[in-house]
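Analysis of the macromolecular model
Here are the chains, one letter per residue:
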Amino acid sequence: MTTKLEDDRDLNLDADDELDDEYEEDDETEDAEVDPPDEDDDPEPRSRFFGPRRLTVLLGAAAVLFAAAGAWSLVEAGNLRDSPAAHNEALVDTGRTAEVSAAVTNAMNQIFSYSYDKTGVTEQAAKDVLRGDALATYDKLFAEVRAKAPEQKLVLTSRVVYSAVQSLEDDRAVVLVFLDQAATRVDTNTTSAAAAQLSITVSREGDRWVITDMAPR
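Bear in mind the structure is a predicted one, so any value in this text is a computation, not a measurement.

**Comments concerning the overall build of the chain**
The number of helices and strands found in the chain is six helices and five strands. Helices and strands in the chain line up, N terminus first, as α-α-α-α-β-α-α-β-β-β-β. Summed over all atoms, the accessible surface of the chain reaches about 15,500 Å², with 54% contributed by carbon and sulfur.

**Describing the sheet that holds strand E4 (residues 190-205)**
The strand order across the open sheet built from five strands is E1-E2-E3-E4-E5, with neighbouring strands paired in antiparallel fashion. A single partner strand is all that each edge strand has here, and the edge strands are strand E1 (114-115) and strand E5 (208-216). Direction of pairing for E4 relative to E5: antiparallel, over a ladder of eight bridges. Within E5, the residue paired with glutamate 205 across the bridge is arginine 208. The sheet contacts of helix H4 (residues 94-111) involve strand E2 (154-169), strand E3 (172-185), E4 and E5, and relative to E2 the element is tilted by about 160°.

**Quick notes on the nonpolar core**
Core analysis: the biggest nonpolar cluster contains 32 residues, and Val100, Met108, Ile111, Leu130, Ile200, Ile211 and Met214 have the highest contact counts within it. Contributing elements (two or more residues each) for this core: H4, helix H5 (119-129), helix H6 (132-152), E2, E3, E4 and E5. Setting aside residues up to four positions removed in sequence, isoleucine 111 forms contacts with Thr122, Ala125, Ala126, Val129, Leu130, Tyr138 and Met214.

**Here we look at the pattern of salt bridges**
Enumeration according to the criterion identifies six salt bridges in this entry. Within the structure, one salt-bridge network assembled from shared partners comprises Arg131, Glu205 and Arg208.

**A look at the pairing of E2**
Across two bridges, E1 lies against E2 in antiparallel orientation. Bridge pairing in E2 links serine 115 to valine 155. Bridging between E2 and E3 involves 14 bridges; their strand directions are antiparallel. Bridge pairing links serine 167 to valine 174 in E3. The hairpin turn running from E2 into E3, its antiparallel successor, is two residues long, and aspartate 170 in that turn takes a positive phi close to 55°.

**Overview of the environment of glutamate 169**
The residue glutamate 169 is located in strand E2 in this model. Exposure remark for glutamate 169: the relative accessible area of 42% places this residue in the partly exposed category. Linking glutamate 169 and serine 203, residues 34 residues apart in sequence, is a C-alpha distance of 9.9 Å.

**Concerning the confidence of the model for the chain**
Looking at the chain, the pLDDT average stands at 76 and 60% of residues meet or exceed 70. Low pLDDT (under 50) marks residues 55-59, which in the prediction has one contact with non-local residues, meaning those over four places away or in another chain.

**Overview of the side chain of serine 158**
Along the polypeptide, serine 158 turns up in strand E2. According to the relative accessible area criterion, serine 158 is buried, its value standing at 4%. Here phenylalanine 112 takes part through its backbone oxygen, which lies 2.5 Å from a polar atom of the side chain of serine 158. Setting aside its immediate chain neighbours within four residues, serine 158 contacts Asn109, Phe112, Ser113, Leu179, Asp180 and Gln181.

**Observations regarding unusual backbone geometry**
Despite not being glycine, aspartate 170 shows a phi value in the positive range, around 55°. Structurally, the position occupied by aspartate 170 is in the loop between E2 and E3. With a phi close to 55°, asparagine 189 is a non-glycine residue in the positive phi region.

Calculation rules
Residues numbered from 1 in each chain as written. Predicted model: local features only at pLDDT ≥ 70, side-chain atom pairs only at ≥ 80, totals over all residues. Heavy atoms only, no water. Helix = DSSP H or I, 4+ residues; strand = E, 2+ residues; numbered from the N terminus. Areas by Shrake-Rupley, 256 points an atom, 1.4 Å probe, with all protein chains shown as cover. Pairing = 2+ DSSP bridges. Contact = heavy atoms within 4.5 Å. Axes fitted to C-alpha atoms, helices over the stretch in contact; angles between N-to-C directions. Core = buried A, V, L, I, M, F, W, Y, C linked by side-chain atoms within 4.5 Å. Buried < 20%, exposed > 50% of the residue type's maximum accessible area, 1.4 Å probe, protein only. Salt bridge = Lys/Arg side-chain N within 4 Å of Asp/Glu carboxyl O. pLDDT = per-residue confidence, 0-100. Polar contact = N/O pair within 3.5 Å; in protein donor to acceptor, adjacent residues only side chain to side chain.

Listed below in structure tokens is the structure:
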């Protein structure tokens, strides 16, 4: 027969064995949690995206885009050089453009302003700056002025309010002009206002610009 003391000792040994088993299981769990990943494991998505192979592809695509952009720029530059705008000096030669604009402005202010008692001054100004069709057309219009202005005591004042050189090539230019006009009848002391828009063609004659054509717009 076993004594009570021996039975208690056996129970204590069994309890110790169970505790040892639990500690071993915990150690195994901890080892499993801290094990480093195998080299065969898949890398994270970010690592895959920025991997050497993907970077090589992206850089290659960027090189192709830059090369295409460079080729497009060369083609466009060639097109611009061959386009009519490339020959329009009004876009690049600000000095000559300002010279043409000033010449046309002064001419318009003179030939479209007159006083009923001094029509000869205006006619002479027109002969100085008009040529060809422009002079022929103006002479027809001014013939009516000579006939009516003295009777109506008419005074016409014209002022260029805006001018734009649309084209300038070599010794020829086309200018768009906007005029404000005020006509006063001295006999009735009445004034009326009007506006005009003209397309003016000018040519270089010696050291100045003369008007060769005028057309209403």
